[in-house]
Amino acid sequence: MNLAAAAGHPGFLSPTGVEIAFLLVGVATLGAAVVTVTTKQLVHAALWLVVALGGLAVEYLLLTAEFIAWVQVLIYVGSIVVLLLFGLMLTRAPIGRSPDADSGNRWVALGVAAASAAALVWVVVDAFRATWIDLDGPAQGSTDVTGAFLFRHWVLPFEALSVLLLAALVGAIVLSRKNTESTQGTQGTQGTKDAAARRTATGDDPATGDDDATREDKS
Amino acid sequence: MHLAYPAVLAALLFCTGLYGVLARRNTILVLMSVELMLNAVNLNLVAFDVWLRDTLHSGQALTLFTIAVAAAEIGIGLAIVLAVHRSRGTSDVDRLRDTAETDDAEALPDDTDDAADGARATADQATAPAGKAQKAEATA
């Protein structure tokens, strides 16, 4: 620790306030993420995802990336989680505990995740053992700085991104539109024959056709 | 701040999302886990950008682009999930086995019409009508 301090670095055993705050918020974020992927209540998973994403926004603030923190709050917490909740609602997700939320290969997944976590943490800690982020000085992610670098160096990707968002908008509309012709085509031949017969009956003789239709519906 | 803190947190978040993608059965929960993985990558990008003090700030710019791409991805993904739920009646990834190589229980309706007479094994004959009826019910 003395050597590290002599080399101009703070030590492992003297965490600063920012590090303690980062650690506490990180533990909360990780716990919320774990609950998100393990809870059996689908709506609760979406709400715990809000906690995890909000915790990540706080981590961005601690890393002095203010603009990205507020973008995270706006887009992730504000829109993506709401989209996910609407998706859960539209797919008639069960309220309450659903016993089949987890797949059968849960233990294989747990093994893969634990192995990759161990490998990644080992490599990362080994690689960045003696590396410190200098958070002093002006904030590196304030709105001023972000606007400057975004519109000075990254204008072309920014504009290309707007085209991508337009394509995603059009694609979402096309995918979610009810295509009446194709649904009629995929219906069974029995149903279309009945509908055609009913239509011709009503077309030929309206009075009797209506009687036929009501009789068919009753029977 | 020690660089290992955000890097380790990002690695653990990524592996949590990996577990969710592999272990979840509902498609929307899989999408939530994908969001967790994307956020872990974002945290890495921001941390290394702040560490390197890049004059172009490529890490933060890429983080903004990743957030926008994630928003587009979740919109398209939910549209696909809703279309699948409307045509199949389920959003369970374990039941969407139309393109699976095994021909048990969830083959295409045309294949069951052709092959249900002779070529099917006895075990498949027990399960094929159930799958076919379920498919017809979902598409009607």
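Bear in mind the structure is a predicted one, so any value in this text is a computation, not a measurement.

**Overview of the overall build of chain A**
Looking only at helices and strands, one finds ten helices and zero strands in chain A. Listing every helix and strand of chain A by position from the N terminus yields α-α-α-α-α-α-α-α-α-α. Here chain A holds 219 residues, and 28% of them are scored as buried. The contacts in chain A between residues at least 6 apart in sequence include a share of 63% that link residues at least 24 apart. Roughly 13400 Å² of accessible area belongs to chain A as shown, and the carbon and sulfur atoms make up 68% of that amount.

**Examining the interface of chain B and chain A**
On the chain A side, the residues contacting the 69 residues of chain B number 87 residues. Contact with chain A buries area across many residues of chain B, yet B:Met1, B:Tyr19 and B:Arg24 alone supply 12% of it, more than any other trio. Where chain B touches chain A, the interface holds one salt bridge. Our count for the contact surface shared by chain B and chain A stands at 16 residue pairs in polar contact (both at pLDDT 80 or more). When residues of the side of chain B that touches chain A are traced back to their parent elements, those giving at least two are α1 (4–23), α2 (27–52) and α3 (58–88) of chain B.

**Concerning the nonpolar core**
Formed by 61 residues in total, the largest nonpolar core has its most connected members in A:Leu63, A:Leu84 and B:Met32. Those residues in contact with A:Leu63 that sit more than four places away from it in its chain are A:Phe22, A:Ile133, A:Leu135, B:Met1, B:Leu43, B:Val46, B:Ala47 and B:Val50.

**Considerations on a nonpolar patch on the surface**
Residues and elements named next belong to chain A. A surface patch of nonpolar side chains, amounting to about 480 Å² of accessible area, comprises Leu 166, Leu 169, Val 170, Ile 173 and Val 174. Among the secondary structure elements, Leu 169 is positioned in helix α7 (residues 155–176). On the accessibility criterion, Leu 169 (51% relative accessible area) is exposed.

**Section: the packing of aromatic side chains**
Counted by the stated rule, this structure contains four aromatic pairs over all chains. Measuring from ring centre to ring centre gives 6.0 Å for A:Phe128 and B:Trp51, while their planes differ by 80°; the resulting arrangement is edge-to-face. Taken together, the residues A:Phe128 in the loop between α5 (106–127) and α6 (143–153) and B:Trp51 in helix α2 connect one chain to another. Overall, A:Phe128 belongs to the buried group, its relative accessible area being 18%. Judged by its relative accessible area of 29%, B:Trp51 falls in the partly exposed class.

**Topic: unusual backbone geometry**
A positive phi angle, close to 65°, is found at A:Thr64, a residue other than glycine. By secondary structure assignment, the location of A:Thr64 is in the loop between α3 (42–62) and α4 (66–90). The buried category is assigned to A:Thr64, whose relative accessible area is 16%. With a phi close to 55°, B:His57 is a non-glycine residue in the positive phi region. For B:His57, a relative accessible area of 9% translates into the label buried.

**Describing the side chain of B:Thr16**
Within the secondary structure layout, B:Thr16 lies in helix α1. By relative accessible area, B:Thr16 is classed as buried at 10%. With sequence-adjacent residues up to four places away left out, B:Thr16 is seen in contact with A:Leu30, A:Ala33, A:Val34 and A:Val37.

**Notes on the confidence of the model for chain B**
Residue and element names in this part refer to chain B. Per-residue confidence for chain B gives a mean pLDDT of 79; residues scoring 70 or more make up 72%. Taken together, the stretch residues 110–133 has pLDDT below 50 and engages in 18 contacts with residues farther than four places along the chain or on a different chain. Counted against residues more than four places away or in other chains, residues 135–140, with its pLDDT under 50, gives eleven contacts.

Analysis parameters
Residues numbered from 1 in each chain as written. Chains lettered and ligands numbered in written order. Predicted model: local features only at pLDDT ≥ 70, side-chain atom pairs only at ≥ 80, totals over all residues. Heavy atoms only, no water. Helix = DSSP H or I, 4+ residues; strand = E, 2+ residues; numbered from the N terminus. Buried < 20%, exposed > 50% of the residue type's maximum accessible area, 1.4 Å probe, protein only. Contact = heavy atoms within 4.5 Å. Areas by Shrake-Rupley, 256 points an atom, 1.4 Å probe, with all protein chains shown as cover. Buried area = accessible area lost by both parts, 1.4 Å probe. Salt bridge = Lys/Arg side-chain N within 4 Å of Asp/Glu carboxyl O. Polar contact = N/O pair within 3.5 Å; in protein donor to acceptor, adjacent residues only side chain to side chain. Core = buried A, V, L, I, M, F, W, Y, C linked by side-chain atoms within 4.5 Å. Patch = residues over 30% accessible without salt bridge, like charges linked within 9 Å, V, L, I, M, F, W, Y side chains within 5 Å. Phe/Tyr/Trp six-rings, centres within 6.5 Å; stacked < 30°, edge-to-face > 60°. pLDDT = per-residue confidence, 0-100.

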